[in-house]
Amino acid sequence: MRNIYLDNAATSPVFPEVIDSISKSLQSDYGNPSSLHRLGIQSEKKIRRAGQLISNTLGIESGQIIFTSGGTEANNMAIIGAALARQRQGRHLITTLIEHPSVLRTFEFLEEQAFEVTYLPVDERGLVCLDRLKEAIRKDTILVSIMHVNNEIGSIQPIREIGQAIKAINRDIVFHVDAVQSFGRLDLSPRDCQIDLLTASGHKIHGPKGIGFLYKKADIRLRPIIFGGGQQDDLRSGTENLSGIVGLEKAVEMINQKKKECPNKLYNLKDLLLTQIKKELAQAVFPVDPTLTAPHIISIAFPGLLGEVILHALEEENVYVGTGSACSGRRRQQSHVLKAVGLDSRAIEAAIRVSTSYMTSQEDIKDFVTILKNVVKRLERFSRR
Ligand SMILES: Cc1ncc(COP(=O)(O)O)c(C=O)c1O
């Protein structure tokens, strides 16, 4: 029986073309990008070419793409780097309660270094309130970090309005956006949204794991968090992961092509999923209004059943979904995101996360709903005993 993989917000299968380009790069691009000879220059050119494609995709003309080991490192680099670079101007930072742990844990670290952090709440749709944000900004605020799409519930923050609001109050406040879940799926223009720093990751867009980037606007200063040979303009020392960068470049190229060929693909899958669920599983509830969320992430709950039990029962049928975020999923902590949107413990534990990708088909969705219906029916029979 084939796998039906619907856990793409955790990670996505690698495009075959990406595997091919990585394999070729490993064979031919063995020169160190810092070496002065021809092989080194060839490697360095490939890094520049990848940076250029990402810049074009983001619609930016200047600024820098700094390659990192993924979204986690890019978030750490952005938040710690900007806070340390601007600490003389102030020590107040703002973020939200529903960020990914790579953001939340980084802010906790900065609190230990005598920075003060305001954690903005969200409403039942998983959205921050612009007025609350404006009220939270102080004279000593130096950085605001707000994610674009939430990895558990798919809520989409109004990044353009947020950027405008921040910069209208104080142009010098650095605005960082964790776009790991939205890059390649939803358009986001750093220029129009006044974003200074933007994080993305390769493995969420059918690229390899262990590669990502931070976009940095030209005039933004960062204190590096990794020291060594001074690669990438001293911002991220360490020999670059060239095959990872080449794989990421290919993934971006493929995604751009797929978006052009079939711009509504993810929305169509979501519509089909919602229609089928409503038709076949009347008992399903949606912790956040699914019509407002990102096209690829849908949180569904079955009151009285445990999400984790559903996940394992589906796994028996070669169907893969998620519960909370991949990172906290195995630590058996209750989702801080579902808590922040106001769900009680029972409701939190009932949720599963279904996430699609450009490799998901309409058949996958139809078969998934049929299998889910049988699984839920069986589990409900058990739970009534
Ligand atoms: C919103 C968000 N930010 C950051 C990350 C971390 O990215 P990476 O796995 O590349 O370190 C993830 C991964 O799940 C994520 O969903």
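Note that the structure is a prediction, hence the values are computed from the model and not measured.

Topic: the side chain of Thr293
Mapped onto the secondary structure, Thr293 falls in the loop between helix H9 (265-280) and strand E9 (297-301). According to the relative accessible area criterion, Thr293 is buried, its value standing at 6%. Here the side chain of Thr293 touches Pro290 through a polar contact of 3.1 Å, landing on its backbone oxygen. Aside from chain neighbours lying at most four places away, what touches Thr293 is Ile153, Gly154, Ser155, Ile156, Lys270 and Val288.

Notes on the domain arrangement of the protein chain
Segmentation of the protein chain into domains returns domain 1 (4-12 + 263-384) and domain 2 (16-258). Taken together, the contacts link 31 residues of domain 1 with 30 residues of domain 2. Interface area for domain 1 against domain 2, summed over the two sides, is near 2,600 Å², with a carbon-plus-sulfur share of 58%. Put simply, domain 1 and domain 2 have zero salt bridges between them. Between the two partners, domain 1 and domain 2, sit 16 residue pairs in polar contact (both at pLDDT 80 or more). Looking at which element gives the most residues to the side of domain 1 that touches domain 2, the answer is helix H12 (residues 336-340), with four residues.

So, the state of the cysteines
Applying the stated rule across the entire model yields zero disulfides. Take Cys129: it sits in no disulfide, and the sulfur closest to it among the cysteines is that of Cys193, at 19 Å. Exposure remark for Cys193: the relative accessible area of 4% places this residue in the buried category.

Examining the packing of aromatic side chains
If you walk through the whole model with that rule in mind, you get one aromatic pair. Here the aromatic rings of Phe183 and Phe213 are separated by 5.3 Å at their centres, their planes lie at 85°, and the arrangement is edge-to-face. Separated by 30 residues along the polypeptide, Phe183 in the loop between strand E6 (174-178) and helix H7 (190-193) and Phe213 in strand E8 (residues 212-216) bring together distant segments of the chain. For the residue pair Phe183 and Phe213, the accessibility class agrees, reading buried in each case. Cation over ring: Arg91 sits above Phe115, and NZ or CZ is 4.2 Å from the ring centre.

With respect to the sheet that holds strand E3 (residues 92-96)
Across the sheet, which stays open at both edges, the seven strands sit in the order E2-E8-E7-E6-E5-E3-E4 with mixed pairing between neighbours. Looking at strand neighbours, the two that pair on one side only are strand E2 (64-68) and strand E4 (116-120), the edges of this open sheet. Pairwise comparison of adjacent strand axes, ignoring direction, gives a mean angle of 20° for this sheet. In the sheet, E3 pairs with strand E5 (residues 141-145) via three bridges, with the strands oriented parallel. Within E5, the residue paired with His92 across the bridge is Thr141. Those strands touched by helix H3 (residues 71-85) are E2, E3, E5, E6, strand E7 (197-201) and E8, and its axis lies near 165° from that of E7.

With respect to the site of the ligand
Near the ligand you find 14 residues, and of these Gly71, Thr72, Asp178, Ser201 and Lys204 are the closest. In the model, an oxygen atom of the ligand is placed 2.9 Å from a nitrogen or oxygen of the His203 side chain. Side-chain polar atom of Lys204 to an oxygen atom of the ligand: 2.5 Å apart, as the coordinates give it. Contact with the protein chains hides 90% of the accessible area of the ligand, taken as 390 Å² for the molecule alone. In terms of residue count, the dominant contributor to the shell around the ligand is H3 (three residues).

Things to note about the confidence of the model for the protein chain
Looking at the protein chain as a whole, the pLDDT averages 96, with 97% of positions reaching at least 70. Here residues 325-329 scores under 50 on pLDDT; set against residues more than four positions off or in separate chains, the count is seven contacts.

Considering the nonpolar core
Residues Phe67, Phe213, Phe368 and Leu372 are the most contacted members of the largest nonpolar core, which totals 87 residues. Built from parts of two domains, this core gets at least three residues from each of domain 1 (4-12 + 263-384) and domain 2 (16-258). When residues no more than four places from it in sequence are discounted, the contact partners of Phe213 are Ile54, Leu58, Ile65, Ile66, Phe67, Thr68, Ala74, Phe183, Leu198, Thr199, Ala200 and Leu248. The next biggest cluster of nonpolar side chains, apart from the first, holds 21 residues, and it includes Ala83, Leu93, Leu110 and Phe115.

Rules of the game
Residues numbered from 1 in each chain as written. Predicted model: local features only at pLDDT ≥ 70, side-chain atom pairs only at ≥ 80, totals over all residues. Heavy atoms only, no water. Helix = DSSP H or I, 4+ residues; strand = E, 2+ residues; numbered from the N terminus. Buried < 20%, exposed > 50% of the residue type's maximum accessible area, 1.4 Å probe, protein only. Polar contact = N/O pair within 3.5 Å; in protein donor to acceptor, adjacent residues only side chain to side chain. Contact = heavy atoms within 4.5 Å. Domains from an automatic or database assignment. Buried area = accessible area lost by both parts, 1.4 Å probe. Salt bridge = Lys/Arg side-chain N within 4 Å of Asp/Glu carboxyl O. Disulfide = S-S within 2.5 Å. Phe/Tyr/Trp six-rings, centres within 6.5 Å; stacked < 30°, edge-to-face > 60°. Lys NZ or Arg CZ within 6 Å of the ring centre and 35° of its normal. Pairing = 2+ DSSP bridges. Axes fitted to C-alpha atoms, helices over the stretch in contact; angles between N-to-C directions. Near = heavy atom within 4 Å. Areas by Shrake-Rupley, 256 points an atom, 1.4 Å probe, with all protein chains shown as cover. pLDDT = per-residue confidence, 0-100. Core = buried A, V, L, I, M, F, W, Y, C linked by side-chain atoms within 4.5 Å.

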